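Architecture and fold: a report
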Amino acid sequence: MSRVGRMPIAVPAGVTVTIAENNLVTVKGPKGTLERVLPREMEIKQEGSEIIVSRPNDLKKMKSLHGLTRTLINNMVVGVTEGYTKVLEINGVGYRANKSGNKLTMTLGYSHPVEMVDPEGVTATVDGNKITVSGIDKEKVGQYAAEIRDKKKPEPYKGKGIKYADEVIRRKVGKAGSK
């Protein structure tokens with residue numbers, strides 16, 4: 001049986017979970033509301049302050065969906081209570097970011113400034129050379145952070161570009177100077 005799927009999801013105080021038909025799960029918490037349609041095959045039950053996900057049979061597809069469904073619901077519960085953040089760092093001479101309203105403007109060594117608008121439910125804040133992306137939906141936060149990083153990926157020689165704060169760039173040695 002799935003080790004992840006078997007674990008019950010603890011629902012903290014102040015969070016309400018409603019399971020409608022066709023496995024439409026709605027999670028309301030202090031930070032907001034998240035809604036998601038989960039695979040129909042999975043059986044989602046609420047017992048007291050816990051949510052239990054069970055699968056109908058042991059087919060490979062059901063085993064895959066079991067852990068996924070449990071993790072998606074858990075991510076929703078964590079999102080409405082604590083929220084998610086991703087921190088990106090900008091490295092490079094003249095590379096910088098500015099925030100005005102919901103528009104993120106970055107100078108990344110191109111002939112033009114790169115502008116990005118925050119998606120709904122996600123906010124980006126700039127503090128020096130750090131960009132912090134935060135929101136309640138883990139998927140949206142990760143996607144927006146990945147899109148920002150994609151504008152100028154870190155290069156291995158000087159380490160210039162946008163990288164995640166916890167990312168390690170494997171550095172390469174440049175050309176050997178001949179005499």
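Here's what I pulled together on the structure shown here. (Residues numbered from 1 in each chain as written. Predicted model: local features only at pLDDT ≥ 70, side-chain atom pairs only at ≥ 80, totals over all residues. Heavy atoms only, no water.)

With that settled, the discussion passes to the overall build of the chain. The number of helices and strands found in the chain is three helices and 13 strands. Reported as C-alpha extents along the three principal axes, the dimensions of the chain are approximately 70 × 40 × 25 Å. Evaluated residue by residue, the chain yields a buried proportion of 35% over its 179 residues. For the chain, restricting intrachain contacts to residue pairs at least 6 apart in sequence, the fraction spanning at least 24 positions comes to 49%. For the chain, the computed accessible surface area is about 11,100 Å², with 50% contributed by carbon and sulfur atoms. Side chains of the chain carry 31 positive and 20 negative charges; the gap between the two charge centres is 10 Å. (Helix = DSSP H or I, 4+ residues; strand = E, 2+ residues; numbered from the N terminus. Buried < 20%, exposed > 50% of the residue type's maximum accessible area, 1.4 Å probe, protein only. Contact = heavy atoms within 4.5 Å. Areas by Shrake-Rupley, 256 points an atom, 1.4 Å probe, with all protein chains shown as cover. Lys, Arg positive; Asp, Glu negative; His and termini not counted. Charge placed at Lys NZ, Arg CZ, Asp CG, Glu CD.)

Attention now moves to the sheet that holds strand β12 (residues 130-135). On the basis of which strands lie adjacent, the open sheet formed by four strands has the order β11-β12-β7-β13 and antiparallel pairing. Both outer strands of the open sheet, β11 (122-127) and β13 (161-164), are each paired with one neighbouring strand and no more. If you compare each strand with its neighbour and ignore which way they point, the axes differ by 25 degrees on average. (Pairing = 2+ DSSP bridges. Axes fitted to C-alpha atoms, helices over the stretch in contact; angles between N-to-C directions.)

Our focus in this paragraph is the sheet that holds strand β6 (residues 50-54). Taken in spatial order, the three strands make up an open sheet running β1-β6-β5, and their pairing is antiparallel. A strand with exactly one partner marks an edge of an open sheet, and here the two such strands are β1 (9-10) and β5 (43-47). Alignment of β1 against β6, held across two bridges, turns out to be antiparallel. Residue pairing for β6: Ala-10 is matched across the bridge by Glu-50. Packing against the sheet, helix α2 (residues 60-81) makes contact with β1, β5 and β6, and its axis sits at approximately 160 degrees to β6.

Turning to the pairing of β12, a few remarks are in order. Moving residue by residue along a regular strand, the side chains alternate between the two faces of the sheet. Because side chains alternate across β12, one face comprises the buried residues Ile-131, Val-133 and Gly-135, and the other comprises Lys-130, Thr-132 and Ser-134, none of which is buried. Relative to β12, strand β7 (residues 84-91) runs antiparallel, the two sharing six bridges. From the neighbouring strand, Val-87 faces β12, where its bridge partner is Thr-132. Across six bridges, the pairing between β11 and β12 is antiparallel. Across the sheet, residue Ala-124 finds its bridge partner in β12, namely Val-133. The loop that links β11 with its antiparallel partner β12 comprises two residues; one of these, Gly-128, has a positive phi angle of about 70 degrees.

On to the environment of Gln-46. Relative to the assigned elements, Gln-46 resides in strand β5. Between the alpha carbons of Gln-46 and Tyr-164 there is a distance of 37 Å; along the sequence they are 118 residues apart. Each residue touching Gln-46, except ones within four places of it in the same chain, is listed here: Val-17, Ile-19 and Ile-51.

Positive phi values are uncommon outside glycine, yet Asn-22 reaches one of about 60 degrees. When you line up the elements, Asn-22 lands in the loop between β2 (16-19) and β3 (24-29). Asn-22 gets classed as partly exposed once you look at its relative accessible area, which sits at 43%. A positive phi angle, near 55 degrees, is found at Asn-23, a position not held by glycine. Following the sequence through the fold, Asn-23 ends up in the loop between β2 and β3. Residue Asn-23 is classed as buried on the basis of its relative accessible area, which comes to 10%.

So far we have only geometry, and geometry alone does not tell us how the molecule works.
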